[in-house]
2 protein chains.
Amino acid sequence: MDRLHRPLPRSLLDQLQEIVGPDGVVADAEGVERQTRTCLPFDTLASAAVYPRSVQEVQAVVRAAAVADVPVWPVSTGKNFGYGERTAVYDAGITMVLERMNRILHVDEKLAYAVIEPGVTYRQLNDHLKQTGSRLWADTAGSTQYASVLGNALDKGRGLTPMADHFGALCGMDVVLADGSVLETGGGPAGRNEVRHTYKWGVGPVLDGLFAQSNLGIVVRAGIWLMPAPEVFDFAAFEYKASPDRLGAFIDDLRELVMCRALRSHPHLANDFAMMCILAQYPHEMLDGRKHLSDEAAARWRQQHGVARWTFGCGVYGSKDEVRYQKRMIRRVLGRYGMVQFIGAAVRDDWYGALVRRLAPPINRLLGKSPEFTDVMLPAINLFRGIPTDEFVRQAYFKSHKSKPKTDVDPARDGCGLVWIGPVVPFESGHVMKVLALTKTIFDRHEFDFFVEVCVESARSVIVLVGVFYDRHDPTDAARARAWYDEARETYVEHGYPPYRATVMSMTGAMDANPPAKALLATLKHAVDPRNLIAPGRYGTPAR
Amino acid sequence: MDRLHRPLPRSLLDQLQEIVGPDGVVADAEGVERQTRTCLPFDTLASAAVYPRSVQEVQAVVRAAAVADVPVWPVSTGKNFGYGERTAVYDAGITMVLERMNRILHVDEKLAYAVIEPGVTYRQLNDHLKQTGSRLWADTAGSTQYASVLGNALDKGRGLTPMADHFGALCGMDVVLADGSVLETGGGPAGRNEVRHTYKWGVGPVLDGLFAQSNLGIVVRAGIWLMPAPEVFDFAAFEYKASPDRLGAFIDDLRELVMCRALRSHPHLANDFAMMCILAQYPHEMLDGRKHLSDEAAARWRQQHGVARWTFGCGVYGSKDEVRYQKRMIRRVLGRYGMVQFIGAAVRDDWYGALVRRLAPPINRLLGKSPEFTDVMLPAINLFRGIPTDEFVRQAYFKSHKSKPKTDVDPARDGCGLVWIGPVVPFESGHVMKVLALTKTIFDRHEFDFFVEVCVESARSVIVLVGVFYDRHDPTDAARARAWYDEARETYVEHGYPPYRATVMSMTGAMDANPPAKALLATLKHAVDPRNLIAPGRYGTPAR
């Protein structure tokens, strides 16, 4: 890391250490670099990272930074690998990591919600619910179990269960504003609003949305809705075996399954390469001097592992009658396009679950699957019960490293190169097929392997999640990844399919295609943060 | 009406007539009064009412008003009887009524949404869907069929079907700002965002919420999500027959029915008096010199009509399997507390429906019901299919008028006195019973008859909707209604149960209990509307 480190003024550093304690500040170049590494082909270097433990410490840091006129880039835990992690859009400044604010303040069993701080991770919330014998399930992101529940929700991240819409599940926030004051959203009586976490729309204008993908304040506490465990859970594994020209019809049929609520979870339809990233290491030996696999090599590789062109899994949830209906519909509709197997019993804690787990390896072998297929089965099913895992984020290592780590997975720290972009697309065959075709062209032009997942956002939209893996230590490869990203982003926006999240690479331009929205946002930002103190440049707001 | 009418400056009036045409301005005292009457014990009088036909006309009116420094109070159709209708919180100014902007711009059959203007009414949208053979249902409010779909949604009004959350169903807005510019929310590419109406959270901060219960802009177009008609529809009618001390247990059981999705609609649990308002005229002769009915008189009156202490109806929606599950659960749980009948067949278009309709009157007679009970059965069931009616808003006439009109129902025009307030309460017996007790005390203290409906907002909150009917032409009665409202409002806020909507009587103080939210809102308002031009004072923002 050769970037110039610009230290904080001594007086500010002293103040910060006084506020958060000496162990709550990292201010040396090497330490800051280690704490704020990114997977992106992009670099900036903060002056310092601070780790407040309480709302009061967040307020004090904001006030001290305001006096010194040093911007503050807040992140919850910064585990959004491939989107920006803890990296600001600018050099210098303070990166505020909220990972020590990790209290679960309340779980309401009757009304099915939790009130938590931004440092609470998926693993922690899930463990807490299990240990307290709760009837409730929390959703989880598909990436690391150590990601922040609130951070992901505020970034509009998604999960897989019926509660997959993480931002939509938030209800009632405490927010530190740029002047150091604390706002309770909802408009009801401050400090004694009984419905802060049970009623989303509050009194007057709904302000919660202002703090999503935003720098208008620092969310230090929020309510998040949870779901009671269903009476019955099952899991459908599906492989698309029909001809490629029926994919459009399949997409429309899939939408109708969601529309009629026969499909309540939010599955990802993964292409062959996306599956292979999970199951294998990159076959550099099959490249034959190319930068990406030929169609022929890709097909050969896929067949070695018994991977279909398109694969997905989805959870089934409800009462016995409801599940019977869902399974009948899923079998009827998906059966037209390939193979459906209900294998949710594999995660049951009884003799039958044990039997299914015992039988899975030989059956998978018979079906031509590699042993790795069986390895990921249980963690995949468990994601649909909201149980987090590091199994899938390990894919970040699959091209740049010799092997994937079994434990202590941290792609940013370990130098994995990884970039995500996910245009939002109407859940309709014409649009989805068009975006897939556009995407394939962009991958081919930049000579990356085509990685795509069609993620069910709702009955009305999908997110076409695409990504590349590259070698972060090779400047040429990094430049190629950056060029791929820039062209993908421009293409999607030009065709009217805005990415659901920005990376720090693209963030300052995030509103360029909508000048009135950009202007309004700048007006709002200037009004609530006239010094442009908090995360300047985030999501299209003015840079400093 | 004795209020002083302050005419607009001649030059502004000329300009408005030029913008919207001579038939688009009402500026004489009598005409303005007639156009902007309210049911509330509260009066203000605008200088003029204008009726733009297009976005361009709205922009031009806003710009002309800005130059003349005259505030603009926008309403969609202003049919929110008992909340404020077309009445501003101040005298003079321009009232902008958007009822002529009534185009249905698009209905997307596949993706289940419509894009409409603010003048589109429930009746119009419903008729349009029927006439085009759409597979989609729109929800409706329970009040008049001539209310604005968008107006109700922006005011956080509610319906009864699974799509009852009207604000939650909005997705993607066009908004005229105070400077006359037009904002497309969503942050995606302006003018060519393919997912504006299919993806709610857009890019960057979510701005749609800023325009609910708000004066930060004038919504001139929006997308609203619709639901495909279910395979099976049925309707459960329930009467609570258990002892009053089991009501708390019933509330908790009802929540669990919603939580497990056995109950997908959003019913109102109405007390005896709320039912009687629909079925009868007020029995002034039973008052015996009192201002409200004695408990004994109320019981006698209720029994004449065969009305239970608590009544509700709820829709049942889904596939055959799902409906079987829902009906079994509803029967099992509600059956513990009273009588459940499934009578949805009464709205079927076949021989069986005709038979049920034929049998309903004698069966109701056998059950001790009055004929009026049978009269409201079909419109009540139809509300749960989203079919609007004026049947229920007729109750506004039940105390102040000799009889209810059969057609041409307009309580504001006809001088009905009516005030609503609806605190939001956690869906939990302790909270709900506490609010019911508080409410009863307030009704008794002000000598009004106890009218209450417990409305299922979600699995986590209910709205305890209460109201009074009074004589608008009697200043003493109006003052009593106002005093009742003020005490109810203060009590609910003090105990942490904020009303879900303000009336224009209380609007300027709507944020007083949350000073940080009030301050932030004032900051935002000043930033986007520095002249305080649009609806000054709405929902706690600064008055002019």
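Residue numbers restart at each chain and count upward from 1, following the sequence in its written direction. The naming scheme follows written order: chains are lettered A onward, ligands numbered 1 onward. Since the coordinates come from a predicted model, pLDDT governs what is reported: local features require at least 70, and pairs of side-chain atoms require 80 or more to be given and counted, while whole-chain, interface and lining totals use all residues. Values shown for side chains rest on all heavy atoms present in the structure; no hydrogens or waters enter the calculation.

1. Some points on the pattern of salt bridges
Here is step 1: Think of a salt bridge as a Lys or Arg side-chain nitrogen and an Asp or Glu carboxyl oxygen that are within 4 Å of each other. Evaluation of the coordinates by the stated rule reveals 88 salt bridges over all chains.
Here is step 2: Among the salt bridges present, the one from A:Arg53 reaches A:Asp23, with a minimum N-O distance of 3.6 Å. Here A:Arg53, found in the loop between strand S2 (48-50) and helix H3 (55-68), pairs with A:Asp23, found in the loop between helix H1 (10-20) and strand S1 (25-26); they are 30 residues apart in sequence, far enough to count as distant.
Here is step 3: The cut-offs for exposure are 20% and 50% of the maximum accessible area for each residue type, with area from a 1.4 Å probe on protein chains only; residues under the lower value are buried, those over the upper are exposed, and the others partly exposed. Residue classification places A:Asp23 among the partly exposed positions, given a relative accessible area of 49%.
Here is step 4: Across the pair B:Asp69 and B:Arg544 runs a salt bridge whose closest N-O atoms are separated by 2.9 Å. Of this pair, B:Asp69 sits in the loop between helix H3 (55-68) and strand S3 (72-75) while B:Arg544 sits in the segment after helix H15 (515-528), and the two are 475 residues apart along the sequence.
Here is step 5: With a relative accessible area of 40%, B:Asp69 lands in the partly exposed category.
Here is step 6: Salt bridges here are not isolated pairs; linked through shared partners, they connect A:Asp321, A:Arg324, A:Arg328, B:Asp321, B:Arg324 and B:Arg328. Helix and strand labels come from DSSP, where a helix needs a run of H or I of at least four residues and a strand needs a run of E of at least two; each type is numbered from the N terminus.

2. Examining the relation of the copies chain B and chain A
Mapping between the two copies of the chain is achieved by a rotation about an axis and a shift along the axis.
Here is step 1: For the least-squares superposition of copies, only C-alpha atoms count, and only for residues with pLDDT at least 70 in both. For these two chains of identical sequence, chain B goes onto chain A by a turn of 180° and a shift of 0.0 Å along the axis, with RMSD 0.0 Å. What we have between these two chains is a two-fold relation.

3. Let's talk about the interface of chain B and chain A
Here is step 1: Counting from both sides, the interface comprises 84 residues of chain B and, opposite them, 84 residues of chain A.
Here is step 2: Where chain B abuts chain A, roughly 7000 Å² becomes buried across the two surfaces, and 63% of that area is made up of carbon and sulfur atoms.
Here is step 3: For chain B, the biggest contributors to the area lost against chain A are B:Tyr199, B:Trp201 and B:Arg460; these three give 10% of the whole.
Here is step 4: In this structure, the salt-bridge partner of B:Arg135 is A:Glu256, at a minimum N-O distance of 2.6 Å.
Here is step 5: Counting residues per element, the ones that place at least two in the side of chain B that touches chain A are helix H6 (166-169), strand S9 (182-184), helix H7 (247-259), helix H10 (320-334), strand S17 (424-426), helix H14 (475-494) and H15 of chain B.
Here is step 6: Broken down by element, the residue count for the side of chain B that touches chain A peaks at eight residues, all from H15(B). For this analysis, residues touch if any pair of their heavy atoms sits within 4.5 Å. Defined here as a combined quantity, buried area equals the accessible surface (1.4 Å probe) lost by two parts on assembly, summed across both.

4. Let's talk about H15(B)
Here is step 1: What a helix should span is 1.5 Å times the count of its residues minus one. Compared with an ideal rise of 1.5 Å per residue, which puts 14 residues at 20 Å, H15(B) spans 20 Å between its outermost C-alpha atoms and is within 8% of the ideal.
Here is step 2: When H15(B) is considered as a whole, its buried residues turn out to be B:Ala517, B:Leu520, B:Leu521, B:Leu524, B:Lys525 and B:Val528. Taken end-on, H15(B) shows its buried residues confined to a sector of 135°, consistent with a single buried face. Projecting away from the buried face of H15(B) at angles above 90 degrees are the exposed residues B:Pro515 and B:His526.
Here is step 3: Packed against the buried residues of H15(B) are strand S9 (182-184) and helix H15 (515-528) of chain A. This arc is taken over the directions from the axis of the helix to the C-beta atoms.

5. Describing the packing of H15(A) against H15(B)
Here is step 1: Lines fitted to C-alpha atoms define the axes here, with helix axes fitted over just the stretch in contact, and angles between the N-to-C directions of these axes take values from 0 to 180 degrees. Close contact between H15(A) and H15(B) brings their axes to 9 Å; oriented N to C, the two are set at 135°. As far as their axial angle goes, H15(B) and H15(A) are oblique. Where H15(A) crosses over H15(B), the handedness of that crossing is right-handed. Where H15(A) abuts H15(B), its residues A:Leu520, A:Thr523, A:Leu524, A:Ala527 and A:Val528 lie against B:Leu520, B:Thr523, B:Leu524, B:Ala527 and B:Val528. Convention used here: angles under 35 degrees read as roughly parallel, angles over 145 as roughly antiparallel, angles from 65 to 115 as roughly perpendicular, and any remaining angle as oblique. Note on convention: the crossing is left-handed when the near helix lies turned anticlockwise from the far helix by less than a right angle, right-handed when the turn is clockwise.

6. What about the pairing of strand S16 (residues 416-421) of chain A?
Residue and element names in this part refer to chain A.
Here is step 1: Of all six residues in S16, six are buried; the element is thus mostly enclosed.
Here is step 2: Side chains of S16 alternate between two faces, with Cys416, Leu418 and Trp420 and Gly417, Val419 and Ile421 buried alike.
Here is step 3: For S16 and strand S19 (residues 461-471), the ladder comprises six bridges, and the chain directions are antiparallel. Bridge assignment links Gly417 to a residue of S19, and that residue is Tyr470. Pairing between strands requires that DSSP locate at least two bridges from one strand to the other.

7. Digging into the sheet that holds strand S4 (residues 94-97) of chain B
Residues and elements named next belong to chain B.
Here is step 1: On the basis of which strands lie adjacent, the open sheet formed by four strands has the order S1-S2-S4-S3 and mixed pairing. Strand pairing shows two members of the sheet lacking a second neighbour, strand S1 (25-26) and S3, which therefore form its edges.
Here is step 2: Across two bridges, S1 lies against strand S2 (residues 48-50) in antiparallel orientation. Each bridged residue has a counterpart across the sheet, and for Val25 the counterpart in S2 is Val50.
Here is step 3: With respect to the sheet, H3 is in contact with S2, S3 and S4, its orientation differing from that of S4 by roughly 175°.

8. Some remarks on the sheet that holds S2(A)
All names here are of chain A.
Here is step 1: With mixed pairing, four strands are arranged side by side in an open sheet as S1-S2-S4-S3. In this open sheet, the two strands that pair with only one neighbour each are S1 and strand S3 (72-75).
Here is step 2: As paired elements, S2 and strand S4 (residues 94-97) share three bridges and run parallel to each other. Bridge pairing in S4 places Ala49 opposite Thr95.
Here is step 3: Packed on one face of the sheet, H3 meets S2, S3 and S4 and runs near 175° to S4.

9. Regarding the packing of aromatic side chains
Here the distance between the centres and the angle between the planes together describe a pair of aromatic rings.
Here is step 1: For Phe, Tyr and Trp, where Trp contributes only its six-membered ring, two rings pair if their centres lie within 6.5 Å, and the inter-plane angle classes them as stacked under 30 degrees, edge-to-face over 60, or tilted in between. The final tally for this structure, using the stated rule, is 48 aromatic pairs over all chains.
Here is step 2: On the basis of an interplanar angle of 85° and a centroid distance of 5.6 Å, the ring pair of A:Tyr282 and A:Phe398 is categorised as edge-to-face. Placement of A:Tyr282 in the loop between helix H8 (272-279) and helix H9 (295-305) and of A:Phe398 in the loop between helix H12 (371-383) and S16 is noted, with a sequence separation of 116 residues between them. For the pair shown, A:Tyr282 and A:Phe398 are each scored as buried.
Here is step 3: Here the aromatic rings of B:Trp420 and B:Phe469 are separated by 6.5 Å at their centres, their planes lie at 75°, and the arrangement is edge-to-face. Residue B:Trp420 is found in strand S16 (residues 416-421), and its partner B:Phe469 is found in strand S19 (residues 461-471); the two are separated by 49 residues along the sequence.
Here is step 4: Under the relative-accessibility criterion, B:Trp420 is labelled buried at 11%.
Here is step 5: Judged by relative accessible area, B:Phe469 falls into the buried class, the value being 4%.
Here is step 6: In this scheme, Lys NZ or Arg CZ marks a charge over a ring once it lies within 6 Å of the ring centre and within 35 degrees of the ring normal. Stacked on the ring of A:Tyr282, the Lys or Arg A:Lys399 has its end atom at 5.0 Å from the ring centre.
Here is step 7: Above the plane of the ring of B:Phe373 lies B:Lys369, whose end atom (NZ or CZ) is 4.7 Å from the centre.

10. What about the nonpolar core?
Here is step 1: Counting residues in hydrophobic clusters, the biggest one holds 408 residues, and the most contacted among them are A:Phe211, A:Phe250, A:Trp484, B:Phe211, B:Phe250 and B:Trp484.
Here is step 2: Excluding anything up to four places from it in sequence, B:Trp484 contacts B:Val419, B:Ile421, B:Ile442, B:Phe443, B:His446, B:Phe448, B:Val466, B:Gly467 and B:Val468. Side-chain atoms within 4.5 Å link the members of a nonpolar core, which is a set of buried Ala, Val, Leu, Ile, Met, Phe, Trp, Tyr and Cys residues.

11. What about the packing of H1(A) against H3(A)?
Residues and elements named next belong to chain A.
Here is step 1: Across the interface, H1 lies against H3 with an axial gap of 10 Å and an inter-helix angle of 170°. Classified by the angle between their axes, H1 and H3 sit roughly antiparallel to one another. Residues Leu12, Gln15, Leu16, Ile19 and Val20 of H1 pack against Glu57, Ala60, Val61, Ala64, Ala65 and Ala68 of H3.
Here is step 2: Here the contact of H1 with H3 is composed, by residue class, of nine nonpolar, one polar and one charged. Under the grouping applied here, Gly and all other residues not named as nonpolar or charged are polar, the nonpolar ones being Ala, Val, Leu, Ile, Met, Phe, Trp, Tyr, Cys and Pro and the charged ones Asp, Glu, Lys and Arg.

12. What about the confidence of the model for chain A?
Here is step 1: Chain-level pLDDT for chain A is 96 on average; 100% of the residues reach the 70-or-more range.
Here is step 2: Scored as a whole, the predicted complex attains pTM 0.97, and scored at its interfaces, ipTM 0.97. pLDDT: the predictor's confidence for each residue, scored from 0 to 100.

13. Considerations on H3(B)
Here is step 1: For H3(B), spanning 14 residues, the distance from its first C-alpha to its last is 20 Å, which sits close to the expected 20 Å at 1.5 Å a residue.
Here is step 2: Within the sequence span of H3(B), burial applies to B:Val55, B:Glu57, B:Val58, B:Gln59, B:Val61, B:Val62, B:Ala64, B:Ala65 and B:Ala66.

14. Remarks on the state of the cysteines
All names here are of chain A.
Here is step 1: Cysteine sulfurs are considered disulfide-paired once they come within 2.5 Å of each other. In this structure the tally under the stated criterion is zero disulfides over all chains.
Here is step 2: Considering cysteine sulfurs only, Cys260 is the nearest to Cys314, which forms no disulfide, with 12 Å between them.
Here is step 3: In this structure Cys455 is not part of a disulfide, and its nearest cysteine sulfur, from Cys277, lies 14 Å away.

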